[in-house]
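# Chain and residue survey
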Amino acid sequence: MRLLGSFRVGWLVLVLGMAAILLLPACGRGRHRVLEVAYVSAPQVGLRDQVAAIFNRVGNVKNGERVEVLEREKRFARVRTATGIEGWIEQRYLVDQKTFDALQKLTADHQSDPPQAPGVLRNETNLHVTPGRDTEHLYQLSSGAKVVILERATAEKQSGAAAPPKGATKPGPKAASGPVLEDWWLVRDTLGRVGWVLARMVDVDVPLDIAQYAEGQRFVAFFALNEVPDSDKGVQKQVPQYLCVLTDPHDGLPYDFDQLRVFTWNTRKHRYETAYREHGLDGTLPVTITKQDFDKEGTLPVFIVRVKDDAGTVTERKYKLNTPIVRRVLAPGEAPSRPAKRRRG
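Residues numbered from 1 in each chain as written. Predicted model: local features only at pLDDT ≥ 70, side-chain atom pairs only at ≥ 80, totals over all residues. Heavy atoms only, no water.

## What to know about the overall build of the protein chain
Scanning the protein chain from N- to C-terminus turns up 3 helices and 22 strands. Residues counted as buried form 40% of the 345 residues belonging to the protein chain. Long-range contacts, defined here as pairs at least 24 residues apart, represent 57% of the contacts in the protein chain between residues at least 6 apart. (Helix = DSSP H or I, 4+ residues; strand = E, 2+ residues; numbered from the N terminus. Buried < 20%, exposed > 50% of the residue type's maximum accessible area, 1.4 Å probe, protein only. Contact = heavy atoms within 4.5 Å.)

## Describing the environment of Pro131
Tracing the backbone shows Pro131 in the loop between β9 (125–128) and β10 (137–141). Judged by its relative accessible area of 23%, Pro131 is partly exposed. Through-space distance from the C-alpha of Pro131 to that of Ala155 is 5.9 Å; in sequence the pair is 24 residues apart. What Pro131 contacts, discounting residues up to four positions off in sequence, is Ala153, Thr154, Ala155, Trp184 and Trp196.

## Observations concerning the sheet that holds strand β19 (residues 283–293)
Sheet strands associate in pairs through backbone hydrogen bonding, adopting either a parallel or an antiparallel arrangement. Pairing in this open sheet of 4 strands is antiparallel, and the strands run β19-β20-β21-β22 from one edge to the other. Two strands lie at the open edges of the sheet, namely β19 and β22 (325–329), each paired on one side alone. Sheet twist, expressed as the mean angle between neighbouring strand axes with direction ignored, is 30°. (Pairing = 2+ DSSP bridges. Axes fitted to C-alpha atoms, helices over the stretch in contact; angles between N-to-C directions.)

## Observations regarding unusual backbone geometry
Leave glycine aside and you will find that most residues have negative phi; peptide bonds, for their part, are mostly trans. Cis geometry marks the peptide bond from Leu285 to Pro286, where omega comes out at 10°. Position of Pro286 among the secondary structure elements: in strand β19. Backbone torsion omega between Thr323 and Pro324 reads 0°, so that peptide bond is classified as cis. Located in the positive-phi region is Lys233, a residue other than glycine, with phi close to 55°. In this structure Lys233 comes out as exposed when scored by relative accessible area, which is 81%.

## Digging into the packing of aromatic side chains
Applying the stated criterion to the full structure yields 7 aromatic pairs. Look at Tyr39 and Phe100: their rings are 4.0 Å apart centre to centre, the planes differ by 5°, and that puts the pair in the stacked class. Remark: Phe100 occurs in helix α2 (residues 97–110) and Tyr39 occurs in strand β1 (residues 36–40); sequence separation between them is 61 residues. According to the relative accessible area criterion, Phe100 is buried, its value standing at 16%. An aromatic cluster is built from Phe222, Tyr242, Trp265 and Tyr272, whose rings are joined through pairwise contacts. (Phe/Tyr/Trp six-rings, centres within 6.5 Å; stacked < 30°, edge-to-face > 60°.)

## Some points on the nonpolar core
The biggest cluster of nonpolar side chains holds 62 residues, and the ones touching the most others in it are Trp185, Phe257, Leu260 and Phe303. Among the elements that take part in this core, strand β15 (residues 218–232) stands out by supplying 7 residues, more than any other. Sequence-distant contacts of Phe303, defined by excluding residues within four places in its chain, comprise Leu225, Leu243, Leu260, Val262, Thr288, Ile289, Arg317, Lys318, Tyr319 and Val326. One finds Val45, Val69, Val79 and Leu94 within the second-largest nonpolar core, a separate group that totals 12 residues. (Core = buried A, V, L, I, M, F, W, Y, C linked by side-chain atoms within 4.5 Å.)

Right, dumping it as structure tokens:
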């Protein structure tokens, strides 16, 4: 009987031991269960081994990097990188899958949009999903980064927002019963990523030869229509001729631009001159540049602008450049339309 009892006790110990061994991996898997996927929204962040005042750095993650969230604790999250490194990171440096997907969709939707102007960032700037300082963002572009401007929008300026950088244009006068609005640009960066950035953080990279003719107005977009040959002191070169769209230097206007100017090159005086000017437009981006055959005139550069009438209907206007003359191109049966009346605040 004593041997039988000892055998039973031994067998029970063995069964309990095996159960413990089998449960250990399961417990480990529970501690490392993936809660969700997230993406790093800061340029570079260190991963720490513990949430404490004193910690060791166990690795680094970079902007846009995908991580798995394993655990959350107050302001921190424990994450695992694609290379298997695990560590703690502040949750404010992470965005969710929804934000990532929204930016991916924005990029796909606007990947083929025609550029309206090149720009250069004044400061480190976030790419937002929608216009607004408090909207979701993921990627951060560095100061001096080059972008392509695609569209313009406005958003309400948040109270307590930082002052504009030195040299930035000031917002327009506040309407008596409305909020102060800020301009935002939809841009595409050199990696093809698309997002919204605060307009005053972007300098439109206008060639100096025509930027000097701004006359206090803001260049919204510009386009090289064609090139003409020039010989100055024996130097042969091809000089671009430009269409520029401009507006008053105020944020929150109800139109993207209200002025057209075409600069052509005077080959005798070797300088730009204004060949065409039009004011009073309620212009809307984008502007389209193309070419068209005009029989005896040959193939000429053409630009199409979109304007709103008094009822808010957007129509297209086509123009041709037969240097140095710019003319409207009317469709069959089309009568010249008058620009919308300027709305003054």
